[in-house]
Amino acid sequence: MAEVVWTDPALQELSYIAEYIALDKPEAARGLVKEVFEAVERLQDFPLSGRTPLELPNSIYRELVVPPCRIFYRVDEGRAFILYVMRGERQLRLYMLGDS
């Protein structure tokens, strides 16, 4: 079983996304946050279940997709580090995944 570790940048970006959605649809924002946390929680039992990001085909990073979000993480020594959450239409930049 893997321990899930959220980084501050990942939590902050998820919060920003939810706040923006909540401006028009507060219930949708709450639902999205719940879905993201449920998807990430499954990494405890299946840490390698996420796919390799298309932009980073030979990397240690993996991603989960919970529309409209992409959740980036890496697995290291029995832990899944949640590194970054972003809206799917944004372009991924490697610096976003800085090992926090």
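The structure we're discussing is the one just above.
Numbers given to residues run from 1 along each chain, matching the order in which its sequence is written. It should be noted that, the model being predicted, local features are given only for residues of pLDDT at least 70 and side-chain atom pairs only at 80 or more, the latter also being counted only at that level, while totals for whole chains, interfaces and linings use all residues. Excluding hydrogens and water, the side-chain figures rest on all heavy atoms present in the structure.

Peer 1: What is the right way to read the overall build of the chain from this model?
Peer 2: Helix and strand assignments follow DSSP, with helices taken as H or I runs no shorter than four residues and strands as E runs no shorter than two, numbered in order from the N terminus. Scanning the chain for helices and strands turns up two helices and four strands. Secondary structure of the chain in N-to-C order comes out as β-α-α-β-β-β. For a compact globule of 100 residues, the expected C-alpha radius of gyration is about 13 Å, and the chain comes in at 13 Å, within 12% of that figure. Overall, the C-alpha framework of the chain stretches about 40 × 30 × 20 Å when taken along its three principal axes. The proportion of buried residues among the 100 residues of the chain is 38%. We take the radius of gyration over the C-alpha atoms and set the globule estimate at 2.2 Å times the residue count to the 0.38 power. In this scheme, a residue with accessible area under 20% of its type's maximum is buried, one over 50% is exposed, and one in between is partly exposed, where area comes from a 1.4 Å probe on protein chains only.

Peer 1: Which parts of the structure should I look at to understand the packing of aromatic side chains?
Peer 2: Aromatic rings in a pair are described by how distant their centres are and how their planes are angled relative to each other. By convention, a stacked pair of Phe, Tyr or Trp rings (six-membered ring in the case of Trp) has centres within 6.5 Å and planes under 30 degrees apart, an edge-to-face pair has planes over 60 apart, and any other such pair is tilted. With the rule as written, the count across this model stands at one aromatic pair. One Lys or Arg, Arg 74, reaches over the ring of Phe 81 and ends 4.7 Å from the middle of that ring. A ring is considered to have a charge above it if a Lys NZ or an Arg CZ atom is located within 6 Å of its centre and within 35 degrees of its normal.

Peer 1: Sorry if this is basic, but what is going on with the nonpolar core here?
Peer 2: Among the buried residues, those of types Ala, Val, Leu, Ile, Met, Phe, Trp, Tyr and Cys that are joined through side-chain atoms within 4.5 Å form a nonpolar core. Formed by 20 residues in total, the largest nonpolar core has its most connected members in Trp 6, Val 36, Val 40, Ile 71, Ile 82 and Val 85. Counting only elements with at least two residues in this core, the list comes to helix H1 (8-22), helix H2 (26-41), strand E2 (61-66), strand E3 (69-76) and strand E4 (79-87). Only heavy atoms matter for contacts: two residues are in contact if any of them lie within 4.5 Å across the pair. Discounting chain neighbours no more than four positions away, the residues touching Val 40 are Val 4, Trp 6, Leu 64, Ile 71 and Ile 82. Residues Tyr 61, Leu 83, Tyr 84 and Leu 92 belong to the second largest nonpolar core, which totals eight residues.

Peer 1: Would you mind going over the pattern of salt bridges with me for this structure?
Peer 2: When the charged atoms of two side chains lie near each other, side chains of opposite charge can form a pair. Salt bridge criterion: a side-chain nitrogen from Lys or Arg within 4 Å of a carboxyl oxygen from Asp or Glu. If you walk through the whole model with that rule in mind, you get seven salt bridges. Put simply, Glu 63 and Arg 51 hold a salt bridge, and the shortest N to O gap is 3.1 Å. Here Glu 63 is found in strand E2, whereas its partner Arg 51 is found in the loop between H2 and E2, with 12 residues between them in sequence. For Asp 76, the salt bridge is made with Arg 74, and the minimal N-O distance between the two is 3.5 Å. Connected through shared salt-bridge partners, Arg 51, Glu 55, Glu 63 and Arg 70 make up one network.

Peer 1: Help me understand H2 in this model?
Peer 2: Every α-helix carries 3.6 residues per turn, so stepping three or four residues along brings you back to the same face. Given the number of residues in a helix, its expected span is that number minus one, multiplied by 1.5 Å. When the terminal C-alpha atoms of H2 are compared, their 23 Å separation across 16 residues agrees well with the 22 Å that a helix rising 1.5 Å per residue should span. Along H2, the residues classified as buried are Ala 29, Leu 32, Val 36, Ala 39 and Val 40. Buried residues of H2, seen end-on, are gathered within an arc of 95 degrees and therefore sit on one face of the element. Residues Glu 27, Arg 30, Lys 34 and Glu 41 are exposed on H2 and point more than 90 degrees away from its buried face. Comment: arc refers to directions from the helix axis out to C-beta atoms.

Peer 1: What is the right way to read the packing of H1 against H2 from this model?
Peer 2: A pair of packed helices can be characterised by two numbers: the angle between their axes and the separation between those axes. Only C-alpha atoms enter the line fits that serve as axes; for helices the fit covers just the stretch in contact. Angles between N-to-C directions range over 0 to 180 degrees. One can describe the packing of H1 onto H2 by two numbers: an axis separation of 7 Å at closest approach and a directional angle of 155 degrees. One finds that H1 runs roughly antiparallel with respect to H2. For the pair H1 and H2, the crossing hand works out as right-handed. Where H1 abuts H2, its residues Leu 11, Leu 14, Ile 17, Ala 18, Ile 21 and Ala 22 lie against Pro 26, Ala 28, Ala 29, Leu 32, Val 33, Val 36 and Phe 37. Classification convention: Asp, Glu, Lys, Arg as charged; Ala, Val, Leu, Ile, Met, Phe, Trp, Tyr, Cys, Pro as nonpolar; all other residues, Gly among them, as polar. Looking at side-chain class alone, the contact of H1 with H2 contains 13 nonpolar, no polar and no charged residues. Orientation categories follow fixed angle ranges, with anything under 35 degrees roughly parallel, anything over 145 roughly antiparallel, 65 to 115 roughly perpendicular, and all other angles oblique. Left-handed is the label given to a crossing in which the near helix is rotated counterclockwise from the far helix by less than a right angle, and right-handed is the label when the rotation is clockwise.

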